Amino acid sequence: MNIPSSERLEKVYGECVKSAERLGALAENFQKKYGHDTAEFFSAPGRTEIIGNHTDHNGGKVIAGSIDLDTIGAACPNNSSIIHIMSEGYDKEIVVDTAKLDSVVKGGGTVALLAGMIEGARKFGFQVGGFDAYVSTNVIAAAGVSSSASFEMLVCTMVNHFFNDGAMNCADYAKIGKYSENVYWNKASGMMDQMACAVGGPVLFDFANGSQPEYKPLTFSFEKKGYRLVIVNTGKGHADLSEEYSGIPNEMKEAAKVLGVELLCETNLEKLLTHANEIENDRALLRAIHFFEENRRVDEMATAIEKEDINTVLKLVKESGTSSWELLQNCYSLQDCKEQKITRTLALTELFLRSIGDGVCRVHGGGFAGVIMCLVPLAEADNYVKYIADFVGESNVYPMNIRAVGAVRI
């Protein structure tokens, strides 16, 4: 079974030795499990949010990027209506009959997610069929880097190649993933995670058009500018955070309603300030201010990235993180204000960064518990990893880079 060429691996991974070994092991497992002598190989990365914290749900702007951790798959059509997927490290095979989607129970799980994607693909006018796949991932689960969206985009890439002659684009992939999570997982997610995994590299998103987000790929590398991106999993909170998460978009919409619109993207900061005294919920006002200022920062960062101005990029990341802490207020849960894993790890990281005189950190993703992002000079990256590992554990610290290639057949 032939694995992709060194040139192709270099384009996707920036190297061809480790990736070839990884794909070779994948091919061997695929052949043992399903008996195929040939296979196609696919990859879909995880993603990181760089700036634009909690703005997409109100039609805001985000810069996100795919990362150099990915989900890979070896796959081949099986001339049936049934999809078989075996995931490395799991004993139970994922099986979905594309002709019997009504029999799949909604509400969660990988089988439901896969069935939802197949139904979504059909709903949006694309063909589906049966295939066998063996999947492996190094995208960290429950670490804010979208392991589920990575899997979704991998499956979409397979369906596109095997059954649609490449007719599906990144927006189609994202709509299919969103449909599955909304309908089969009962999760009110948007399209940002899926788009960031699908497109690749840093990407500027504008969600003002709802289900048709505008996006622009950006050319930028933290590593080439002398910085390592480090994601730190600070620990899962003990509280049920669903109410905290939903409170952010709801309170932003509460402020928008006072201004006579549904979403904040339909108005501006000047009008918000004019009507500030009419907004009785102080936190709703603060979160609305965060929205408008965050959109401004996203635009400024896009310009700084085009100019390769790393100093401005770092300044804006720091300002965004401060706004999330002070205005958006998503760095700890009010259900147990003594448990503050995010703010604890930010404070410890700030001490390290101050000692070296460089770098920035911020809450990453949804917040309240979970993950922070740090940009640290390459020369100090190993030192930071060792330092913060003493507080959170070595297995919770993930140095990574932005990857230039999104979801792709390798």
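Read on for a plain summary of the structure.

Parameters at a glance
Counting starts from 1 at the beginning of each chain's written sequence and moves along it residue by residue. Note on the predicted model: pLDDT of at least 70 is required for a residue's local features to be given, and 80 or more for side-chain atom pairs to be given and counted; whole-chain, interface and lining totals, by contrast, use all residues. As a convention, hydrogens and water are excluded, and side-chain values are obtained from all of the structure's heavy atoms. What counts as a helix is a DSSP run of H or I of at least four residues, what counts as a strand is a run of E of at least two, and both are numbered from the N terminus. What makes two strands pair is DSSP finding at least two bridges between them. Inter-axis angles, ranging from 0 to 180 degrees, are taken between N-to-C directions of lines fitted to C-alpha atoms, where helices are fitted over the stretch in contact. Stacked, edge-to-face and tilted labels apply to pairs of Phe, Tyr and Trp rings (six-membered ring for Trp) whose centres lie within 6.5 Å, assigned for plane angles under 30 degrees, over 60, and everything in between, in that order. For each residue, the accessible area found with a 1.4 Å probe, counting protein chains only, is set against the maximum for its type, and the residue is called buried under 20%, exposed over 50%, and partly exposed in between. Lysine NZ or arginine CZ positioned within 6 Å of the ring centre and within 35 degrees of the ring normal marks a charge as sitting over the ring. In what follows, salt bridge is the name for a side-chain nitrogen of Lys or Arg lying within 4 Å of a carboxyl oxygen of Asp or Glu.

1. Considering unusual backbone geometry
- Phi at Asp165 is positive, roughly 50°, even though this residue is not glycine.
- Position of Asp165 relative to the elements: it lies in the loop between helix H4 (147-163) and helix H5 (170-184).
- You will see that Asn186, though not glycine, has its phi angle at about 55°, which is positive.
- Looking at the secondary structure, you find Asn186 in the loop between H5 and helix H6 (192-199).

2. Some details on the sheet that holds strand E11 (residues 397-400)
- Sheet architecture is open: four strands sit in the order E9-E10-E8-E11, paired in antiparallel fashion. Among the strands making up the open sheet, the edge pair consists of strand E9 (360-363) and E11. Recorded for the sheet is a direction-independent mean angle of 20° between the axes of neighbouring strands.
- Taken together, the four bridges between strand E8 (residues 227-235) and E11 define a ladder with antiparallel strand orientation. The partner of Val230 across the bridge, within E11, is Pro399.

3. Points about the packing of aromatic side chains
- In this structure the tally under the stated criterion is 14 aromatic pairs.
- Between the aromatic rings of Phe352 and Tyr387, the centroid separation amounts to 5.2 Å while the plane-to-plane angle is 35°, which identifies the pairing as tilted. Of this pair, Phe352 sits in helix H11 (residues 341-356) while Tyr387 sits in helix H12 (residues 381-392), and the two are 35 residues apart along the sequence.
- Classification of Phe352 as buried rests on a relative accessible area of 8%.
- Taken together through their ring pairs, the aromatic side chains of Phe42, Phe131, Phe162 and Phe163 make up a single cluster.
- Stacked on the ring of Tyr184, the Lys or Arg Lys106 has its end atom at 4.9 Å from the ring centre.
- One cation-aromatic arrangement involves Arg403 over Tyr13; the distance from NZ or CZ to the ring centre is 5.6 Å.

4. Overview of the pattern of salt bridges
- Counted under the stated rule, the structure contains 19 salt bridges.
- Glu350 is the salt-bridge partner of Lys318, the closest N and O atoms lying 3.3 Å from each other. Pair noted here: Lys318 is in helix H10 (residues 310-328) and Glu350 is in helix H11, with a separation of 32 residues, a long-range link.
- A residue is classified by how much of its surface remains accessible, and Lys318, at 38% relative accessible area, is partly exposed.
- Judged by relative accessible area, which is 25%, Glu350 ranks as partly exposed.
- What emerges from the salt-bridge pattern is a single network uniting Arg22, Asp70 and Arg403.

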